[in-house]
Amino acid sequence: MTSKILAAVAAIFLSVSAAAAADFTFKYGNSQPEAAARSQSMIWFEEQLEERSGGRIEVENFFGAVLGNEKEMFDQVTTGLLQGTRGGFFANASTKFNIFLLPFLVSGWDEMECLVRSDFAKSVQASAAENGYHVPATGISQGFRMYTNNVRPIMQVSDLHGLKIREPQTEFMTNVAQAIGSNVTAMAFSDVYSAFQRGTIDGQHNPPANIWNYKIYEVQKYLSVTRHMTGPDPLLVNKEWYDSMPADLQQIFDEVSVEALILSDKLARAAEDELLVALGEHMEVNELTAEGIATFQEAVQPVYQMGVDNGTYTAEDLEAARAATMSCG
């Protein structure tokens, strides 16, 4: 018994000593559950960063929105209560991140991977410093968005007209929805499940990973494979915290961040087709024809110019982004 007690005390002492040895603590949160690709990549990030920094950086991960919704966690990074997050409020770090959201900007995974790892993406990341954020890497936001709803299959853009569709709480996403013609209901994604239960909204759009992880299939009947847009997934870091580290730790932090975001993209891409099969066991799934996709493409064209007109990005930024999607070939 005495030896067990001594062993337990020793373990506690070693744990406390290890924590005390860390020079910096990176407290991170996202809204997805631990099983999600985003969260899994951050578990890998934690292991690698602590190992490569020799324990000088300690990582504390919090998943499943336990620290608040995405907007609340972004605000916590802004104030320094959190050191990092990933989620839907990247445009508050730099409005140019909205370019990555433009519907049908890319034709698929290959072009989007090329875009987020391009020099253009690095320039957008750097622009976030003006607003107090360090962005060491950008990934793809868990895959391509698709619509779910409880009224009818979405075969063309007119099928969305009159439907109450949940949108993220950002001006850009609201503008896209208005161009498409749906009735916008902005809310946190963590509130969507209960909203479907109450019948206050008809549908939403998200990558299959979110539809699966948040069990949207339990409260939605139709899944339409529109693949109308994806988005960036930057790691948003409090710049003051990052700047407090010495150069060698900054380099390690940035290297691990880049690798973690690449891993996240690989996990999400590999899972997408499998998730569509799994969702098909619970929902009625339909693919759009080329003619149906063309109706979406025509409807969203004004959104491109809207971003230039309101100063979200310049025409030159837009052309640079288009060129970046093809720069890997």
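Because the structure is predicted, anything quoted here is derived from the model rather than measured.

### What to know about the side chain of T230
Following the sequence through the fold, T230 ends up in the loop between β10 (222–225) and β11 (232–234). Engagement of the side chain of T230 in a polar contact is seen with the backbone oxygen of G143, the distance being 2.7 Å. Setting aside residues up to four positions removed in sequence, T230 forms contacts with F100, L101, M112, I140, S141, G143 and F144.

### Remarks on the pairing of strand β7 (residues 164–167)
Note that β7 and strand β8 (residues 183–186) share four bridges and pair parallel. Considered in β8, the bridge of I165 is made with V184. Once you follow β7 into helix α6 (residues 171–180) and on to β8, the crossover reads as right-handed.

### Describing the sheet that holds strand β2 (residues 57–62)
Pairing in this open sheet of five strands is mixed, and the strands run β2-β1-β3-β12-β4 from one edge to the other. Strands at the two margins of the open sheet, each flanked by one partner only, are β2 and β4 (133–134). Bridge count for strand β3 (residues 84–85) against strand β12 (residues 236–238) is two bridges, and the pairing is antiparallel. Pairing of G84 across the sheet is with V237, part of β12. Taken strand by strand, helix α2 (residues 37–52) contacts β1 (24–29) and β2, and its axis lies near 165 degrees from that of β2.

### So, helix α3 (residues 70–79)
Quick reminder: α-helices carry 3.6 residues per turn. Residues three or four places apart thus point the same way. Taken together, the buried positions of α3 are M73, F74, Q76 and V77. Each buried residue of α3 sits inside an arc of 155 degrees when the element is viewed along its axis, so together they form one side. Structurally, the start of α3 carries an N-cap: the backbone nitrogen of K71 is 3.1 Å from a side-chain oxygen of N69. Just downstream of α3 lies G80, where phi reads positive at about 95 degrees.

### With respect to the environment of E113
Residue position: E113 is located in helix α4 (residues 109–116). For the pair E113 and E70, spaced 43 residues apart in sequence, the C-alpha to C-alpha distance is 24 Å. Dropping the residues within four chain positions of it, E113 is found in contact with I140 and R269.

### Description of the packing of α4 against helix α10 (residues 247–279)
Helices that pack against each other are described as a pair by the angle of their axes relative to one another and the distance between those axes. The geometry of α4 relative to α10 is characterised by a closest axis approach of 12 Å and an angle of 170 degrees between their N-to-C directions. It follows that α4 is roughly antiparallel to α10 by the angle criterion. Taken together, the residues of α10 that come into contact with α4 (itself represented by W109, D110, E113 and V116) are D265, A268, R269 and E272. In terms of residue class, the contact of α4 with α10 is made up of three nonpolar, no polar and five charged.

Conventions used here
Residues numbered from 1 in each chain as written. Predicted model: local features only at pLDDT ≥ 70, side-chain atom pairs only at ≥ 80, totals over all residues. Heavy atoms only, no water. Helix = DSSP H or I, 4+ residues; strand = E, 2+ residues; numbered from the N terminus. Polar contact = N/O pair within 3.5 Å; in protein donor to acceptor, adjacent residues only side chain to side chain. Contact = heavy atoms within 4.5 Å. Pairing = 2+ DSSP bridges. Right-handed = clockwise from strand over helix to strand, strands pointing away. Axes fitted to C-alpha atoms, helices over the stretch in contact; angles between N-to-C directions. Buried < 20%, exposed > 50% of the residue type's maximum accessible area, 1.4 Å probe, protein only. Arc of directions from axis to C-beta. Parallel < 35°, antiparallel > 145°, perpendicular 65-115°, else oblique. Nonpolar A, V, L, I, M, F, W, Y, C, P; charged D, E, K, R; others polar.

Without other data, these values stay purely geometric and don't point to any function.
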